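Structural overview for review
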Amino acid sequence: MTGSASEREERSERAPQSRAKASSVEDLLRRLAPQVLGAVARRYGHFDTAEDAVQEAMIAAATQWPQDGVPDNPRAWLITVASRRLTDLLRREQARRRREDTVAGWTWPDEWLTPAADKTPSESDDTLILLFMCCHPALSPASQIALTLRAVGGLTTAEIARAFLVPEATMTRRISRAKQRIKDSGIPFSLPPRSERTERLGAVLHVLYLIFNEGYASTSGPSLQRTELSAEAIRLTRIVHHLLPDDGEVAGLLALMLLTDARRPARTAPDGALIPMAEQDRSLWNADFIAEGVALITDALPRGATGAYELQAAIAAIHDEAPSAEATDWPQIMALYELLMQISDNPMVTLNYVVAVAMVRGAHTGLDLLEKLETDERIAEDHRLYSVRAHLLEMASDPVAAREFYQAAAERTTSYPRQRYLHARAARLTDDQ
């Protein structure tokens with residue numbers, strides 16, 4: 001190794017600082033990406049090209065900012081760089097097509113009549129407009145969700161594919177087609193009229209739900225959770241709730257997120273290991289989030305028909321208000337899951353119902369119900385199905401079979417903390433024997 005001992009020591013001290021700075025920049029860019037994409041797309045009206053330009057701006061920032069420092073107004077910096085790149089791309093397209101009608105429809109930077117790039121965005125900012133645009137009726141529901149997860153949530157194509165349980169190549173084609181459909185449709189970049197918002201709301205809420213889930217329980221990688229994603233989902237859902245304060249499902253989804261995220265401080269040990277809810281220190285739960293979530297769902301339930309998010313929030317409230325795992329009102333949770341299954345054909349809802357039944361009527365009853373669910377191809381190879389079977393077998397005093405299914409569950413998850421947890425459960429049963 002070259003250099004004196006003091007120089008090597010100085011370099012070793014700078015290395016952690018450099019990594020921390022790079023991580024801080026990465027978090028900032030993830031937060032700003034949808035806002036910048038929304039601003040650029042609004043100004044130009046070319047969504048697909050705008051996304052390419054914003055990606056290049058993000059790469060430039062990730063390269064320069066850790067060395068040169070973050071600009072005073074990072075959002076304006078990104079918008080400026082992306083706009084310049086987009087102008088180049090559009091002019092190149094102009095030269096290639098050479099069609100006067102296309103050129104006449106463009107709005108060049110010197111003709112913009114929009115607020116300054118560094119103006120503080122309003123509560124209903126470009127991110128919300130981008131959210132509704134990605135959920136336009138011109139797109140299929142699957143494409144709406146995939147595109148929004150990519151453009152607004154910042155998830156990678158691989159993460160979205162796992163959320164949909166489809167191959168990554170399939171999801172890549174789906175997102176590409178969605179971008180092309182938006183481009184061909186000429187959809188204006190603006191908040192849709194009130195009559196159209198209801199049509200798009202189901203897809204919007206589903207998207208926000210998936211973004212939150214990916215943040216709260218990451219499907220892959222070294223971390224159990226990605227707090228920037230769950231925080232962004234909560235932020236966006238607050239905006240939608242502000243826009244539609246009387247909608248019970250919007251309130252229900254926000255309540256569900258808050259009540260679930262309230263447990264986050266107790267979900268991991270200092271070494272990052274997963275701690276199941278029954279073993280968590282409930283004094284670490286976020287009391288403010290619980291109070292807000294309970295108030296939201298209490299206010300929403302009496303109003304009109306009850307939706308799926310409201311029922312899930314009610315279940316989460318029962319868990320959060322129980323002083324201990326042993327004091328949980330499982331019969332009420334089981335009854336709520338029965339209602340939820342009547343309006344939601346989701347195998348994960350059925351799996352959670354099986355757990356509730358086992359807690360009320362015993363592990364063997366739960367195992368009998370689980371056999372029916374195992375024929376559902378949507379969940380047959382999901383690690384959560386194997387994990388639940390292992391847990392019920394452990395409850396039924398069958399440690400050999402339980403260990404086998406814990407190991408099988410570990411092989412089927414790409415989340416490292418979950419793998420470690422499942423292997424640890426299997427090892428503990430071996431040690432007990």
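All residue numbers refer to positions counted from 1 along the written sequence of the respective chain. Note on the predicted model: pLDDT of at least 70 is required for a residue's local features to be given, and 80 or more for side-chain atom pairs to be given and counted; whole-chain, interface and lining totals, by contrast, use all residues. Side-chain calculation: all heavy atoms of the structure are included, whereas hydrogens and water are not.

**A few points about the packing of helix H12 (residues 287-300) against helix H13 (residues 308-321)**
Defined as follows: Angles shown run from 0 to 180 degrees and are taken between the N-to-C directions of axes, each axis being a line fitted to C-alpha atoms and, for helices, limited to the stretch in contact. Counting from the N terminus, the helices are the DSSP runs of H or I reaching at least four residues and the strands are the DSSP runs of E reaching at least two. An angle counts as roughly parallel when it lies under 35 degrees, as roughly antiparallel when it exceeds 145, as roughly perpendicular when it falls between 65 and 115, and as oblique in every other case. Throughout, a crossing is termed right-handed when the near helix is turned clockwise from the far one, and left-handed when it is turned anticlockwise from it by less than a right angle. Whether two residues are in contact is decided by their heavy atoms, any of which lying within 4.5 Å being enough.
Direction vectors running N to C along H12 and H13 enclose 135°, while the axes themselves pass 10 Å from each other. With respect to their mutual orientation, H12 and H13 come out oblique. Crossing geometry of H12 relative to H13 is assigned as left-handed. Residues Ile290, Val294, Ile297 and Ala300 of H12 lie in contact with H13, whose contacting residues are Glu310, Ala313, Ala314, Ala317, Asp320 and Glu321.

**Re the confidence of the model for the chain**
Our working rule: Each residue carries a pLDDT value, the predictor's own confidence for that position, ranging from 0 to 100.
Mean pLDDT over the chain: 82, with 83% of residues reaching 70 or higher. Here helix H4 (residues 100-105) stands out as the element of the chain with the lowest mean pLDDT, 44, in contrast to H13, whose mean of 97 is the highest. Below pLDDT 50 for its whole length, residues 99-124 participates in 35 contacts with residues either more than four positions away or in separate chains.

**A few points about the environment of phenylalanine 47**
What counts, and what does not: For the exposure calls, accessible area comes from a 1.4 Å probe over protein chains only, and a residue counts as buried if that area is under 20% of its type's maximum, exposed if over 50%, partly exposed in between.
Its location among the elements puts phenylalanine 47 in helix H2 (residues 47-68). When its relative accessible area of 3% is taken as the criterion, phenylalanine 47 is described as buried. Once residues within four sequence positions are removed from consideration, phenylalanine 47 is found in contact with Leu37, Ala41, Leu130, Met133, Cys134, Leu147, Ala151, Lys179 and Ile182.

**Regarding the nonpolar core**
The tendency in soluble globular proteins is for nonpolar side chains to be buried as a group. This is how it is decided: Put simply, a nonpolar core is a bunch of buried Ala, Val, Leu, Ile, Met, Phe, Trp, Tyr and Cys residues held in one set by side-chain atoms that sit within 4.5 Å of each other.
With 84 residues, the main nonpolar core has Val40, Phe47, Leu78 and Val240 as its most contacted residues. Of all hydrophobic cores here, the second largest spans 25 residues; its members include Leu351, Ile379, Ala390 and Leu392.

**Considerations on the side chain of arginine 263**
Assignment of secondary structure puts arginine 263 in the loop between helix H11 (248-261) and H12. Each residue touching arginine 263, except ones within four places of it in the same chain, is listed here: Tyr216, Met277, Gln280, Trp285, Ala316, His319 and Asp320.

**What about the pattern of salt bridges?**
Pairs can form between side chains of opposite charge once their charged atoms are near each other. Our working definition: The salt bridge criterion pairs a side-chain nitrogen of Lys or Arg with a carboxyl oxygen of Asp or Glu, the two atoms within 4 Å.
The final tally for this structure, using the stated rule, is 15 salt bridges. The partner of aspartate 320 in a salt bridge is arginine 263, with the nearest N and O atoms 2.7 Å apart. Linking aspartate 320 in helix H13 with arginine 263 in the loop between H11 and H12, this pair joins segments that are 57 residues apart in sequence. When the shortest N-O distance is used, the salt bridge between glutamate 374 and arginine 389 registers 2.6 Å. With glutamate 374 in the loop between helix H16 (363-373) and helix H17 (383-395) and arginine 389 in helix H17, this pair connects stretches of sequence that are 15 residues apart. Here the salt bridges share partners, and the residues they tie into one network are Glu279, Glu394, Arg425 and Arg428.

**Quick word on the packing of aromatic side chains**
Quick reminder of the rule: Aromatic pairing here means that ring centres of Phe, Tyr or Trp (its six-membered ring) are within 6.5 Å. Orientation follows from the plane angle: under 30 degrees is stacked, over 60 is edge-to-face, and everything else is tilted. Should the NZ of a Lys or the CZ of an Arg lie within 6 Å of a ring centre and within 35 degrees of the ring normal, that charge is described as sitting over the ring.
Scanning the model with the defined rule gives four aromatic pairs in all. Here tryptophan 65 and tryptophan 77 contribute two aromatic rings whose centre-to-centre distance is 5.2 Å and whose plane-to-plane angle is 65°, an arrangement assigned as edge-to-face. Linking tryptophan 65 in helix H2 with tryptophan 77 in helix H3 (residues 74-97), this pair joins segments that are 12 residues apart in sequence. A relative accessible area of 2% places tryptophan 65 in the buried class. Ring geometry for phenylalanine 212 against tyrosine 216: centres 5.8 Å apart, planes inclined by 10°, an arrangement best described as stacked. Linking phenylalanine 212 with tyrosine 216, this pair stays in helix H9 (residues 194-216), spanning four residues, or about one helical turn. Residues phenylalanine 212 and tyrosine 216 agree in their burial class; the two are buried. Over the ring of phenylalanine 405 we find arginine 389; its NZ or CZ atom is 5.6 Å from the centre of that ring. Above the plane of the ring of tyrosine 386 lies arginine 412, whose end atom (NZ or CZ) is 4.0 Å from the centre.

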